[in-house]
Amino acid sequence: RIEVKTTNSKEAQTIKITSKESNISFSNILFGEVWLCSGQSNMSQSLAGYNGQPTFGSILETANSNNPNLRLFTVKRKGSKTPLKDVSEYDKWEQASPSNVLNFSAIAYFFGNQLQKILDVPVGMIHTSWGGSKVEAWISNEMMSNHQTINLSDVDINNRTNHIPTALFNAMINPLIPYTIKGALWYQGESNKNNPKGYKTLFPAMVEDWRSRWNIGDFPFYFVQIAPFIYNGNDKFEEQENSAFIREVQFQCADIIPNSGIAIAMDVGEAYCIHPAKKKEVADRLLFNALNKTYGYETIDFEGPEFESKEGKDGGLVLKFKNAERGLYSFNGLKGFEIAGDDKVFYPAEAKIINGRNVFVKSDKVLYPKEVRYAWRNWVSGTLYDTSILPASSFRTDKWDDATHYKE
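Everything quoted here is computed from the prediction, not taken from an experiment.

A. Quick look at the sheet that holds strand E16 (residues 358-362). The sheet built from four strands is open, its strands ordered E10-E11-E16-E15 with antiparallel pairing. Edge positions in the sheet fall to strand E10 (306-313) and strand E15 (350-354), since each of these pairs with one other strand and no more. Pairwise comparison of adjacent strand axes, ignoring direction, gives a mean angle of 25° for this sheet. Direction of pairing for strand E11 (residues 316-322) relative to E16: antiparallel, over a ladder of three bridges. Looking at E16, one finds that Val318 is bridged to Phe360.

B. Quick look at helix H8 (residues 279-293). In this model H8 runs 21 Å from its N-terminal to its C-terminal C-alpha over 15 residues, within 8% of the 21 Å that 1.5 Å per residue would give. The element H8 is largely enclosed, with a buried count of 11 among its 15 residues. Buried within H8 we find Lys279, Val282, Ala283, Asp284, Arg285, Leu286, Leu287, Asn289, Ala290, Leu291 and Asn292. Of the surrounding elements, those touching the buried residues of H8 are strand E3 (33-39), helix H1 (41-44), helix H3 (106-119), strand E7 (183-187), strand E8 (221-224) and strand E9 (260-263).

C. The arrangement of the sheet that holds strand E5 (residues 90-96) in detail. Pairing is mixed across the open sheet formed by seven strands, whose spatial order is E5-E4-E6-E3-E7-E8-E9. For this open sheet the edge positions go to E5 and E9, each flanked by a neighbour on one side alone. Neighbouring strand axes in the sheet, compared pairwise and without regard to direction, differ in orientation by 20° on average. As judged from the five bridges shared by strand E4 (residues 67-75) and E5, these two strands associate in the antiparallel manner.

D. Seen up close, the side chain of Arg285. Tracing the backbone shows Arg285 in helix H8. Judged by relative accessible area, which is 8%, Arg285 ranks as buried. Looking at Arg285, its side chain comes within polar contact range of the side chain of Asp267, at 2.9 Å. Non-local contacts of Arg285, meaning those with residues more than four positions away in its chain, are made with Ala263, Ile264, Ala265, Asp267, Val268, Ile389, Leu390 and Pro391.

E. How the structure looks around the nonpolar core. In this structure, Trp210 and Phe337 are the most contacted members of the largest nonpolar core, which totals 72 residues. In terms of residue count, the dominant contributor to this core is helix H6 (residues 196-214) (eight residues). Setting aside residues no more than four positions away along its own chain, Trp210 makes contact with Leu36, Ser38, Trp138, Phe169, Ile173, Trp186, Phe219 and Phe221.

F. Looking closely at the packing of aromatic side chains. Under the criterion given, the structure shown has 27 aromatic pairs. Their ring planes at 40° and their centres at 5.4 Å tell us that Phe73 and Trp93 sit as a pair that is tilted. With a gap of 20 residues between them, Phe73 in strand E4 and Trp93 in strand E5 connect regions that are remote in the sequence. For the ring pair Phe307 and Phe321, a centre distance of 6.4 Å and an interplane angle of 80° mean the geometry is edge-to-face. Remark: Phe321 occurs in strand E11 and Phe307 occurs in strand E10; sequence separation between them is 14 residues. Phe321 gets classed as buried once you look at its relative accessible area, which sits at 10%. Chaining the aromatic ring pairs together yields one cluster made of Trp138, Trp186, Tyr199, Phe203, Trp210, Trp214, Phe219, Phe221 and Phe223. In this arrangement the basic side chain of Lys193 is found over the ring face of Tyr231, its NZ or CZ atom lying 4.5 Å from the centre. Sitting over the face of the ring of Phe219, Arg211 holds its NZ or CZ atom 5.7 Å from the ring centroid.

G. How the structure looks around a nonpolar patch on the surface. Where nonpolar side chains cluster on the molecular surface, the patch consists of Ile15, Ile17, Ile24, Phe26 and Phe31 and spans about 400 Å² of accessible area. Put simply, the parts of the chain that give the nonpolar patch at least two residues each are strand E1 (13-18) and strand E2 (23-29). With respect to the element layout, Ile17 can be found in strand E1.

H. Main features of the pairing of E15. With five bridges joining them, E15 and E16 adopt antiparallel strand pairing. The residue bridging Ile354 from the neighbouring strand is Asn358, located in E16. From the end of E15 to the start of E16, which pair antiparallel, there are three residues, and Asn355 there has a positive phi angle of about 55°.

I. Looking closely at the side chain of Glu61. Among the secondary structure elements, Glu61 is positioned in helix H2 (residues 58-63). Although buried, Glu61 forms no salt bridge, and the nearest oppositely charged side chain, Lys117, lies 5.6 Å from it. Side chain to side chain, Glu61 and Asn113 meet in a polar contact 3.3 Å long. When residues no more than four places from it in sequence are discounted, the contact partners of Glu61 are Tyr109, Phe110 and Asn113.

J. Geometry of the packing of H3 against H8. Look at H3 against H8: their axes get within 8 Å of each other, and the N-to-C directions meet at 45°. Here H3 lies oblique to H8, going by the angle between them. Along this stretch, H3 crosses H8, giving a crossing that reads as right-handed. Counting all contacts with H3, which are made through Ala106, Ile107, Phe110, Phe111, Gln114, Leu115 and Ile118, the residues of H8 involved are Lys279, Lys280, Val282, Ala283, Asp284, Leu286, Leu287, Ala290 and Leu291. Grouping the amino acids of the contact of H3 with H8 by side-chain chemistry returns 12 nonpolar, one polar and three charged.

K. Region of the structure containing helix H7 (residues 244-256). Helix length check: H7 (13 residues) gives 18 Å between terminal C-alpha atoms against 18 Å at 1.5 Å per residue, within 8%. Every buried residue of H7 is accounted for by Ala244, Phe245, Ile246, Arg247, Glu248, Val249, Gln250, Cys253 and Ala254. At its buried positions, H7 is contacted by H6, E8, E9 and strand E19 (395-396).

The rules behind the values
- Residues numbered from 1 in each chain as written.
- Predicted model: local features only at pLDDT ≥ 70, side-chain atom pairs only at ≥ 80, totals over all residues.
- Heavy atoms only, no water.
- Pairing = 2+ DSSP bridges.
- Helix = DSSP H or I, 4+ residues; strand = E, 2+ residues; numbered from the N terminus.
- Axes fitted to C-alpha atoms, helices over the stretch in contact; angles between N-to-C directions.
- Expected span 1.5 Å × (residues − 1).
- Buried < 20%, exposed > 50% of the residue type's maximum accessible area, 1.4 Å probe, protein only.
- Contact = heavy atoms within 4.5 Å.
- Polar contact = N/O pair within 3.5 Å; in protein donor to acceptor, adjacent residues only side chain to side chain.
- Core = buried A, V, L, I, M, F, W, Y, C linked by side-chain atoms within 4.5 Å.
- Phe/Tyr/Trp six-rings, centres within 6.5 Å; stacked < 30°, edge-to-face > 60°.
- Lys NZ or Arg CZ within 6 Å of the ring centre and 35° of its normal.
- Patch = residues over 30% accessible without salt bridge, like charges linked within 9 Å, V, L, I, M, F, W, Y side chains within 5 Å.
- Areas by Shrake-Rupley, 256 points an atom, 1.4 Å probe, with all protein chains shown as cover.
- Salt bridge = Lys/Arg side-chain N within 4 Å of Asp/Glu carboxyl O.
- Lys, Arg positive; Asp, Glu negative; His and termini not counted.
- Parallel < 35°, antiparallel > 145°, perpendicular 65-115°, else oblique.
- Left-handed = near helix turned anticlockwise from the far one by under 90°.
- Nonpolar A, V, L, I, M, F, W, Y, C, P; charged D, E, K, R; others polar.

Any functional reading would require information beyond the geometric quantities listed.
Below, the structure written as structure tokens:
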């Protein structure tokens, strides 16, 4: 191992390694920005999409993909009971072209391709994900042992590998360390949706774990809030069945994890497809985080509206938001708002944007309103944006654990 001081040259380089017995030469090497991309099936989804599940824009994107300054590398799916030193199965580094991008992660490609063009520097994207994986699988044994006892001696590593604690870290993350990266992108959470409290602990622990092992400081970590999907039912308020609770936890993690940011996907979900076709919109929102917070593009907006406070008025509640510097917007009116009084029963409510900046919520069935919930279901199509067309997360103004909703 040797440390090399690089220049700002964008030209392809040659690396020569010589000794008394050998003379090795590597050509067409670039030095630039490398991003690690991980998670479950929505990160794995390629430009080609899945069977019956497309990725929008893939044909034109493929046609325009020839880019010698964008390099792609994929770690193949593998689990291990112990940390591996080397990546055993992989698709080697290739420059982006129509012959290879269709099978590469769509999120990683969309992000990397635009980043390369904006910065005008070489960009490398490392994709290492596994569909259906739990966050526990991506955490080291040392870190996981702080939260639960791990003993894999009698575990079949080939049975539900993506759910085995530490298994994917050992085979798909550890071998990549200490490859120098600029930051990481993460799209995962569906497989942990029934344990939001646990995720609030384990996800930040995973980020801390990776950062400590890379030993390059708190590198940028940008992640996607899972999109709405109907799952096993829509009329769910209970924490175990309502994915709004893990969306809430993911939103909170953006404040818990230093140097992180979240991409909201409330408006791109599909009721009966857990893999939204609008991957470019999600990648764009990750990119906006990176441009503003990592690369100093201060005029690039990256945060949608966030609930800040409420006050009673005219038999309803007025909601105020931060991160909406130029106001709020909705394409065809607001939907998905519910309101409750002291009985903690939420009723469908009418909501409208007032003065371009606040939201007024009211229901004739709630005479003395106390709290509001927005998009607090498994499946909902987000309707609240700021004027940058960045969506608001689902949110609640209450902290009730025993709330219900009105049923006729």
